[in-house]
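Each chain, letter by letter, is given below.
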Amino acid sequence: MHSKSTKISFATIIFIVLKQKTKMALLIVGHPELDKSIANNAIIEEVKKHDLDIEIRYLHQLYPDYKIDINAEQAALLRHETIIFQYPFYWYNAPAILKLWFDEVFTYQFAYGSKGYKLKGKNFLLSFTVGAPQQEYQALGEHHFGIPEFCKNFEQTAYYAQMNYMAPIYSFGTSTAAGYKESEIRDKAKAHAKILVSALLNLK
Ligand SMILES: Cc1cc2nc3c(=O)[nH]c(=O)nc-3n(C[C@H](O)[C@H](O)[C@H](O)COP(=O)(O)O)c2cc1C
């Protein structure tokens with residue numbers, strides 16, 4: 001009786017150790033000009049300062065020719081419970097490489113289908129930077145719609161794959177072309193990273 005209970009607790013310890021060894025989150029970076037980036041770079045650098053177990057995949061470094069290694073990407077997704085997409089808002093959407101990534105990686109019998117739904121239950125978190133100011137993202141503003149409306153395609157993609165769509169994290173006023181100062185953008189990026197880190201730490 002006694003030895004049985006010892007065996008169970010030993011198995012539990014092994015389980016806990018293995019669980020701690022699994023990666024906490026996957027950060028997929030979709031930025032075609034990361035070398036010129038202020039906001040996204042600052043967010044990533046800030047997140048890296050925290051003691052989180054995060055795997056970062058820079059799509060443009062991995063695939064400068066846009067030839068995505070589908071098996072490698074799917075394997076990376078399977079290693080994690082939380083998938084974060086980090087990118088600058090381009091034409092009310094994500095940059096092209098991230099759209100391509102979804103088209104090629106969220107395949108039939110992987111993301112959906114009778115033998116699919118391999119990402120079921122995983123967290124899906126958008127984290128992005130918006131060039132223009134918040135007041136322009138409303139009915140009477142220059143961009144007419146609120147940011148959550150522009151995220152609907154991602155939201156439904158997550159639902160379709162039976163993933164857990166988390167509240168997106170985004171920061172406005174991050175474009176130097178729109179007149180924002182670099183120091184101001186860096187402050188916003190720091191605040192953004194803080195929210196992102198706390199969302200990750202609050203995951204069950
Ligand atoms: C091709 C392109 C398209 C953009 N489209 C938008 C847009 O639709 N709405 C917006 O508010 N800002 C837009 N911007 C501004 C970027 O969102 C902004 O510069 C970026 O988020 C700042 O992040 P970074 O410093 O990491 O590049 C666009 C910028 C580029 C280069």
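So, how was this worked out
- Each chain carries its own residue numbering, running from 1 in the direction its sequence is written.
- Where totals are concerned, whole chains, interfaces and linings use all residues; where local detail is concerned, this predicted model gives features only for residues with pLDDT of at least 70, and gives and counts side-chain atom pairs only at 80 or more.
- Comment: elements are numbered from the N terminus, with helices defined as DSSP H or I runs of at least four residues and strands as E runs of at least two.
- Exposed residues have 12 or fewer other C-beta atoms within 10 Å of their own C-beta, buried residues have 20 or more, and partly exposed residues fall in between, where C-beta atoms are placed from the backbone.
- Contact between residues is assigned whenever the C-beta positions, reconstructed from backbone atoms, fall within 7 Å.
- By definition, a residue lies near a molecule or strand provided its backbone-derived C-beta atom is within 6 Å of it.
- For this classification, Asp, Glu, Lys and Arg are treated as charged, while Ala, Val, Leu, Ile, Met, Phe, Trp, Tyr, Cys and Pro are nonpolar and the rest, including Gly, are polar.
- If DSSP finds at least two bridges between two strands, the strands pair.
- Seen with the strands pointing away from the viewer, any crossover whose path from the first strand over the helix to the second strand runs clockwise is right-handed.
- Think of each axis as a best-fit line through the C-alpha atoms, taken over the contacting stretch in the case of a helix, with angles from 0 to 180 degrees between the N-to-C directions.
- Orientation categories follow fixed angle ranges, with anything under 35 degrees roughly parallel, anything over 145 roughly antiparallel, 65 to 115 roughly perpendicular, and all other angles oblique.

(A) Representation of the overall build of the protein. A tally of regular secondary structure across the protein gives eight helices and six strands. Listing each helix as α and each strand as β along the protein from the N terminus yields α-β-α-β-α-α-β-α-β-α-α-β-β-α. For the protein, the residues scored as buried account for 29% of the 204 residues in total. For the protein, long-range pairs separated by at least 24 residues make up 79% of all intrachain contacts whose partners lie at least 6 apart in sequence.

(B) Seen up close, the site of the ligand. What surrounds the ligand is a group of 16 residues, the closest being Ser37, Asn40, Pro88, Gly131 and Ala132. A class-by-class count of the residues in the shell around the ligand yields nine nonpolar, seven polar and no charged.

(C) Molecular detail of the pairing of strand β4 (residues 123–129). Taking burial as the measure, the seven residues of β4 include seven buried ones, the bulk of the element. Taken together, the seven bridges between strand β3 (residues 82–88) and β4 define a ladder with parallel strand orientation. If you follow Phe85 over to β4, its bridge partner there is Leu126. Regarding topology, helix α5 (residues 96–105) serves as the crossover connection from β3 to the parallel β4, and that connection is right-handed. In this sheet, strand β5 (residues 164–165) lies alongside β4 in parallel orientation, the contact comprising two bridges. Looking at β5, one finds that Asn123 is bridged to Asn164. Where β4 and strand β6 (residues 169–171) come together, three bridges link them in parallel fashion. By the bridge assignment for β6, Phe128 is matched with Tyr170.

(D) Broad picture of the packing of helix α4 (residues 70–78) against α5. Following both chains from N to C, one finds α4 and α5 inclined at 90°, their axes separated by 10 Å at the closest point. Put simply, α4 runs roughly perpendicular to α5. Where α4 abuts α5, its residues Ile70, Glu73 and Gln74 lie against Trp101, Glu104 and Val105. Taken together, the residues of the contact of α4 with α5 break down into three nonpolar, one polar and two charged.

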